Amino acid sequence: MSMFRLLVAGLFVALAFDTATAIADDSPHLGKPISEVDIKRWDITVLPDGSNLPPGSGTAAQGAKLYVDKGCSLCHGENGKGGPNPTLVGNPSLTADGIASPKTIANFWAWPTTLFDYIRRAMPWHAPQTLSDDEVYALCAYLFAANNLIPVNEEMNAQTLPKVNMPNHDNFIIKFPDRI
Amino acid sequence: MSRRQRGDGPPLEFVAGNGLLHRRALLGGGIVFAGAFGSGAPLTGAAAEPLQEPEWSLMPGDVTPVLQKPSRFEANVVRTLSNPKGDARTQHARAPLQMLEGTITPNALHFTILHSGIPDIDPAQHVLVIHGMVKQPLEYSVDALLRYPMVTRKHFVECGGNSAPMFSPVPIQATVQALHGLSSCAEWTGVPLSTLLDEAGVDPKAIWLIAEGADSLAVSRSVPMKKAYDDAMIALYQNGERLMPGNGYPMRLLLPGYEGNMNIKFLRRLKAVDQPAMTYYESRNYSPLLPGGKAYKFYFVNEVKSFITRPSFGCSLSGPGFYEISGLAYSGTGRIDKVLVSADGGKSWGEAAIEGPVCPRAFTRFRMPWRWDGRPTVLTSRAWDESGAVQPLRADFIAARGEAKKVPNVLGFPNQHYNSLTSWGIDASGEIKHVYV
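Because the structure is a prediction, the values reported are computed rather than measured.

Help me out: how do you make sense of the overall build of chain B in this one?
Along its length, chain B carries seven helices and 25 strands. Expected size for 437 residues packed as a compact globule is a radius of gyration near 22 Å; at 24 Å, chain B falls within 12% of this value. On the principal axes, the C-alpha backbone points of chain B span a range of 80 × 60 × 40 Å. Here chain B holds 437 residues, and 57% of them are scored as buried. Restricting to contacts in chain B with at least 6 residues of sequence separation, those with at least 24 account for 73%. Put simply, chain B shows about 18300 Å² of open surface, and 55% of that area lies on carbon and sulfur atoms. Of the charged side chains in chain B, 44 are positive and 39 negative; the average position of the first set lies 5 Å away from that of the second.

Structure representation (structure tokens):
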């Protein structure tokens, strides 16, 4: 192919690309601009690095009382030992019952932030998003302490909670690394 | 003279042991059986009863309803419920796949899993917010999204825990519905997610998207931005009508081929971030435990799978002779390429007929003509997809993934992501049992 033809072909490609770009930019744009301030009430995702944890704090002693007062034991049993829904306190072996061994906070969960995120968004089951941030911190402190993951008197807050050491943290294999 | 002998076609062509016939017997005019239905002298009707008019042919029928329901004679074709009283735990509804044909699951029968019931969402008040690492956070009403250019695609959705009873150390005697009913396939219509992400202007450093629903648990999963830009859809329609409430009305995230739980229903928020959130469901339920105590995480894909739906446990064969073996195959990594069927427990295999068009990440129906000689036999199927992935044999699968030590509850989830074979043993009386080969 001559240089001239190459140039002409290149020009056509460029023109075609420009047209395509123009069409792509012709998106409907029917979304209403909104500010992060207005999204704040919904923006409850806590990331493993602790970002988006709210201000506030709580202790295991406060959490133990809340566990009873908020009806947590109805589903998870007294002292988190298990009921109709998963056991919250206990550290069973991950191999004793083979691949069906129970997964608990202490023996399986890789990140402490998962607990705060899930309690805040979903619990208690019959009245989600009714707990204050202090109460969520307190319940996390209670469950971490009951599982011997923190000293019983350690306060949970935005600085301490992400640093809780989860023993099973390094026992995960990414199944499909190419898809991330 | 038998009917078959009068046919003009070639003789029966067996392709594998115990009576599996070449798939041509089903295709292109039915080479083998053409003569039975085509030309030739009429058979004598001497043995038949004279026909009578049934009562429904002698009077006008019912008034036409606005919304059709199946015949009252099909009342057993329903989903099975794990939590019919709605106790404070998850509710599973399994699809009766062994009683359905083709590749589309009717909306009323599509499987659903609800972790805290079905929210009663007013679409006029529901919005979808896209925010986080974007140039401009945006809020979309349902009406706004309904104005967008849409795409229609046929895809299966399958729970990552579907087929969990197959981890049992002994075969659990249960129907396809009980074993594999947390899987369904629909024609989904909606807005490509990439369109909306481009409007918001996603920061290239945001490699994850946190999706969240408007249900009372605000079920949330981390989705790789790669998938969001590849073929993800904000689905608004299911088999031509708006989504069923249990399937995510008024909108859901559809991630073709990825485990059902990631396809967030009642979708209300997408946050672009630079790390996965490690939400409850990805941290616990959908990180399958491996033998030895390690676990997989980010097991996004439902890998290539197939199972015979007919004949299967729950029915029996009425005697030797011709049967069509029918089943479903699908893969989260592409189109089904071929399905092999065995009638001798895996000793010999014949290639099943696959009905097209074969869509990627969609139910694909396979069929195999079969002449049962009345002796005990084991039927099984094995699928390949276009990526080269093959359904693992059970011995290989169990060697890699393990099996439960105790027989689990058929409704339980001892582990996740089973995609090995399913086999049906048939005894001389035609009774069908679930077996392992």
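On we go.
So what exactly am I meant to see when it comes to the confidence of the model for chain A here?
Low pLDDT marks stretches whose predicted atomic positions should not be read closely. Summing up the model confidence of chain A, the mean pLDDT is 90 and the portion of residues at 70 or higher is 87%. The low-confidence segment residues 6–23 of chain A, where pLDDT is below 50, has one contact with residues more than four positions distant or belonging to other chains.

What is the right way to read the packing of helix α5 (residues 113–122) of chain A against helix α6 (residues 133–146) of chain A from this model?
Describing two packed helices takes the angle between their axes plus the distance from one axis to the other. Residues and elements named next belong to chain A. Where α5 contacts α6, the two axes come as close as 10 Å, and the packing angle between them is 130°. In terms of orientation, α5 and α6 fall into the oblique class. Judged by the twist between their axes, the crossing of α5 over α6 is right-handed. On the side of α5, the interface is formed by Leu115, Phe116, Ile119 and Arg120, while α6 contributes Asp133, Val136, Tyr137, Leu139, Cys140, Leu143 and Phe144.

How should I be thinking about the side chain of asparagine 419 of chain B in this particular structure?
Along the chain, asparagine 419 of chain B falls in the loop between α7 (394–401) and β24 (423–426). Beyond its immediate sequence surroundings of up to four residues, asparagine 419 of chain B is in contact with Glu303, Val304, Lys305, Gln391, Pro392 and Phe397 of chain B.

I would appreciate a short explanation of the interface of chain B and chain A in the present structure.
Interfaces are frequently sized by the accessible area removed from exposure as the parts join. The partner chain A presents 53 residues to the 71 residues of chain B that form the contact. Taken over both partners, the interface formed by chain B and chain A buries close to 5600 Å², and the fraction arising from carbon and sulfur atoms is 60%. Of all residues in chain B, Tyr280, Arg284 and Leu289 of chain B give up the largest surface area on contact with chain A, accounting jointly for 11% of the area buried on that side. Here chain B and chain A share five salt bridges between them. Lysine 406 of chain B is paired through a salt bridge with aspartate 97 of chain A; the nearest N and O atoms lie 3.5 Å apart.

Teacher, can you tell me more about the sheet that holds strand β23 (residues 377–385) of chain B here?
Strand pairing in a sheet takes place through backbone hydrogen bonds and is either antiparallel or parallel in direction. Residue and element names in this part refer to chain B. Strand order across the open sheet formed by five strands is β20-β19-β23-β24-β25, with antiparallel pairing between neighbours. Each end of this open sheet is capped by a strand with a single partner; those strands are β20 (350–351) and β25 (432–435). Sheet analysis places β24 next to β25, joined by four bridges and oriented antiparallel. Paired with glycine 425 across the bridge in β25 is lysine 433.

Explain the pairing of strand β11 (residues 220–224) of chain B here, please?
A regular strand places its side chains so that they alternate between the two faces of the sheet. Residue and element names in this part refer to chain B. Taking burial as the measure, the five residues of β11 include five buried ones, the bulk of the element. Along β11, one buried face is formed by Ser220, Ser222 and Pro224 and the opposite face, lined by Arg221 and Val223, is buried too. With five bridges connecting them, strand β10 (residues 208–213) and β11 associate as antiparallel partners. Following the sheet pairing, isoleucine 210 is matched in β11 by serine 222. In this antiparallel pair of consecutive strands, β10 and β11, the connection spans six residues, and alanine 218 shows a positive phi of 45°.

About the cut-offs
- Residues numbered from 1 in each chain as written.
- Chains lettered and ligands numbered in written order.
- Predicted model: local features only at pLDDT ≥ 70, side-chain atom pairs only at ≥ 80, totals over all residues.
- Heavy atoms only, no water.
- Helix = DSSP H or I, 4+ residues; strand = E, 2+ residues; numbered from the N terminus.
- Rg over C-alpha atoms; globule rule 2.2 N^0.38 Å.
- Buried < 20%, exposed > 50% of the residue type's maximum accessible area, 1.4 Å probe, protein only.
- Contact = heavy atoms within 4.5 Å.
- Areas by Shrake-Rupley, 256 points an atom, 1.4 Å probe, with all protein chains shown as cover.
- Lys, Arg positive; Asp, Glu negative; His and termini not counted.
- Charge placed at Lys NZ, Arg CZ, Asp CG, Glu CD.
- pLDDT = per-residue confidence, 0-100.
- Axes fitted to C-alpha atoms, helices over the stretch in contact; angles between N-to-C directions.
- Parallel < 35°, antiparallel > 145°, perpendicular 65-115°, else oblique.
- Left-handed = near helix turned anticlockwise from the far one by under 90°.
- Buried area = accessible area lost by both parts, 1.4 Å probe.
- Salt bridge = Lys/Arg side-chain N within 4 Å of Asp/Glu carboxyl O.
- Pairing = 2+ DSSP bridges.

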